[in-house]
Amino acid sequence: MALKDIDLKYQGGVLTTSKSLAVGGLTVAGTPMAQPNIQLPSDHGAIAWTSDPALTTGTSASANGFIYLARMPIRTATTIAKVWWDQTTGPTTPTAGQNFAGIYSSAGTLLSSVNIDGKTGNGVQNATLDAAQTVSAGYVWMALMFNAATAPVLMRGGGLTAAANVFNQTAATYRWAVNGTTTGLTALPSSITPSSNSQTGVIAFWAALS
């Protein structure tokens with residue numbers, strides 16, 4: 001079949017064809033591609049997550065005044081309105097105005113945040129960002145920060161965080177990290193330095209965006 005005969009059209013960022021088009025032996029147009037037989041974020045109405053929640057088999061206690069980060073892959077431009085995490089034991093007596101969730105760009109700019117003083121229950125939590133954010137393909141970090149009489153215990157992946165971070169990752173692209181070594185923070189700063197991400201005290205906490 002000549003290339004001109006496959007009737008390729010590109011409009012609005014979408015490539016279409018009235019014929020069947022294969023690349024490397026895999027049909028990519030004309031017939032739907034086979035989807036992987038695994039749970040994807042979209043199957044749960046999410047944009048991105050750190051992992052299938054069924055794989056979160058461990059727990060770790062968080063500490064006050066740290067910025068915990070989880071890198072979230074963004075596969076296509078989208079708008080993030082809500083953040084999700086799981087705490088098996090909620091915080092006790094949160095310090096008013098000093099507990100936050102948010103999202104940072106890959107460059108370290110705080111895109112949006114929300115106060116989570118009231119998220120004291122056990123189980124999956126969600127919070128609507130103060131301002132929904134439209135982001136391009138790439139990645140963002142979801143951030144959590146707590147200050148309470150007792151900080152929450154977070155649900156996390158069962159594997160070692162170091163193993164997830166060591167393969168072709170640098171501090172600026174860690175999948176999970178604590179930003180810097182500063183303690184006693186009471187608010188999410190307007191920017192962070194990704195190259196200052198640390199593995200000290202890190203938690204591979206489960207997180208999702210929607």
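Up top you'll find the structure we're talking about.
Reading the values: the criteria
Residues numbered from 1 in each chain as written. Predicted model: local features only at pLDDT ≥ 70, side-chain atom pairs only at ≥ 80, totals over all residues. Heavy atoms only, no water. Helix = DSSP H or I, 4+ residues; strand = E, 2+ residues; numbered from the N terminus. Buried < 20%, exposed > 50% of the residue type's maximum accessible area, 1.4 Å probe, protein only. Contact = heavy atoms within 4.5 Å. Core = buried A, V, L, I, M, F, W, Y, C linked by side-chain atoms within 4.5 Å. 1 Å grid on protein atoms, 1.4 Å probe; cavity = no way out; pocket = protein on both sides within 12 Å on 5 of 7 lines; lining within 4 Å. Points joined across faces, edges and corners; volume = space filled by probe spheres on them. Nonpolar A, V, L, I, M, F, W, Y, C, P; charged D, E, K, R; others polar. Pairing = 2+ DSSP bridges. Polar contact = N/O pair within 3.5 Å; in protein donor to acceptor, adjacent residues only side chain to side chain. Phe/Tyr/Trp six-rings, centres within 6.5 Å; stacked < 30°, edge-to-face > 60°. Lys NZ or Arg CZ within 6 Å of the ring centre and 35° of its normal.

Could you clarify how one ought to interpret the overall build of the protein in this entry?
Each helix and strand in the protein was counted, giving one helix and 18 strands. By the burial criterion, 38% of the 210 residues in the protein qualify as buried. Contacts spanning at least 24 positions in sequence make up 75% of the contacts within the protein whose residues lie at least 6 apart.

Which parts of the structure should I look at to understand the nonpolar core?
Nonpolar side chains in soluble globular proteins tend to be buried together. Formed by 29 residues in total, the largest nonpolar core has its most connected members in Val 83, Trp 85, Leu 144, Phe 205 and Leu 209. Sorting the residues of this core by element identifies β7 (68-74), β8 (78-89), β10 (100-105), β12 (123-135), β13 (138-145), β16 (176-179) and β18 (207-209) as the ones contributing at least two each. With four residues, the single largest contributor to this core is β7.

What exactly am I supposed to notice about the layout of surface pockets here?
By rolling a water-sized probe across the atoms, one finds the places where empty space is left. Taken as a whole, the largest pocket holds about 290 Å³ of empty space. Looking at the largest pocket, it is lined by 14 residues, and the ones nearest its centre are Pro 41, Ala 48, Trp 49, Pro 73 and Arg 75. Within the residue set of the lining of the largest pocket, elements represented by two or more residues are β5 (48-49) and β7. Residue composition of the lining of the largest pocket, grouped by class: seven nonpolar, four polar and three charged. When its volume is computed, the second largest pocket comes out at roughly 180 Å³. Considered class by class, the residues forming the lining of the second largest pocket number seven nonpolar, four polar and one charged.

Can you walk me through the sheet that holds strand β17 (residues 197-198) in this structure?
The strands making up a sheet associate through hydrogen bonds between their backbones, and the pairing can be parallel or antiparallel. With antiparallel pairing, six strands are arranged side by side in an open sheet as β11-β10-β13-β7-β16-β17. Among the strands making up the open sheet, the edge pair consists of β11 (110-115) and β17. By the bridge criterion, three bridges tie β7 to β16 in an arrangement that is antiparallel. Its bridge partner being in β16, Tyr 68 is matched across the sheet by Val 178.

It is not clear to me how the environment of Ala 107 should be interpreted in this structure. Could you clarify?
Turning to its location among the elements, Ala 107 is positioned in the loop between β10 and β11. Along the chain, Ala 107 and Ile 192 lie 85 residues apart, while their C-alpha atoms are 8.2 Å from each other. Leave out the neighbours within four places in its chain, and Ala 107 touches Ile 192 and Pro 194.

What's the story with the side chain of Asn 179 in this structure? I'm lost.
Residue placement: Asn 179 occurs in strand β16. Take Asn 179: its relative accessible area is 12%, and that puts it in the buried class. Within the structure, the side chain of Asn 179 is placed 3.2 Å from the backbone oxygen of Thr 193, a separation counted as a polar contact. A polar contact is formed between the side chain of Asn 179 and the side chain of Asn 197, at a distance of 2.8 Å. The contact partners of Asn 179, leaving out residues within four places of it in the chain, are Ile 67, Leu 69, Ile 192, Thr 193, Ser 196 and Asn 197.

What exactly am I supposed to notice about the packing of aromatic side chains here?
In this description, an aromatic ring pair is defined by two values, namely the gap between the centres and the angle between the planes. Evaluated as defined, the whole model comprises two aromatic pairs. Here the aromatic rings of Phe 66 and Tyr 68 are separated by 6.3 Å at their centres, their planes lie at 50 degrees, and the arrangement is tilted. Overall, Tyr 68 belongs to the buried group, its relative accessible area being 3%. Between Tyr 139 and Trp 141 the ring centres are 5.3 Å apart and the planes differ by 80 degrees, which places this aromatic pair in the edge-to-face class. Under the relative-accessibility criterion, Tyr 139 is labelled partly exposed at 23%. The ring of Tyr 139 has Arg 71 sitting right over it, with the charged end atom 5.5 Å from the ring centre.

Before we go on, may I ask you to explain the pairing of β11 in this structure?
Along any regular strand, the residues point their side chains to alternate faces of the sheet. The pairing of β10 with β11 spans five bridges and is antiparallel. In the strand pairing of β11, Tyr 104 is matched with Leu 110. Where β10 hands over to β11, the hairpin turn is made up of four residues, of which Gly 108 adopts a positive phi near 100 degrees.

Explanation requested: unusual backbone geometry in the structure shown.
Look at Thr 93: it is not a glycine, yet its phi comes out positive at around 45 degrees. You can call Thr 93 exposed: its relative accessible area is 60%.

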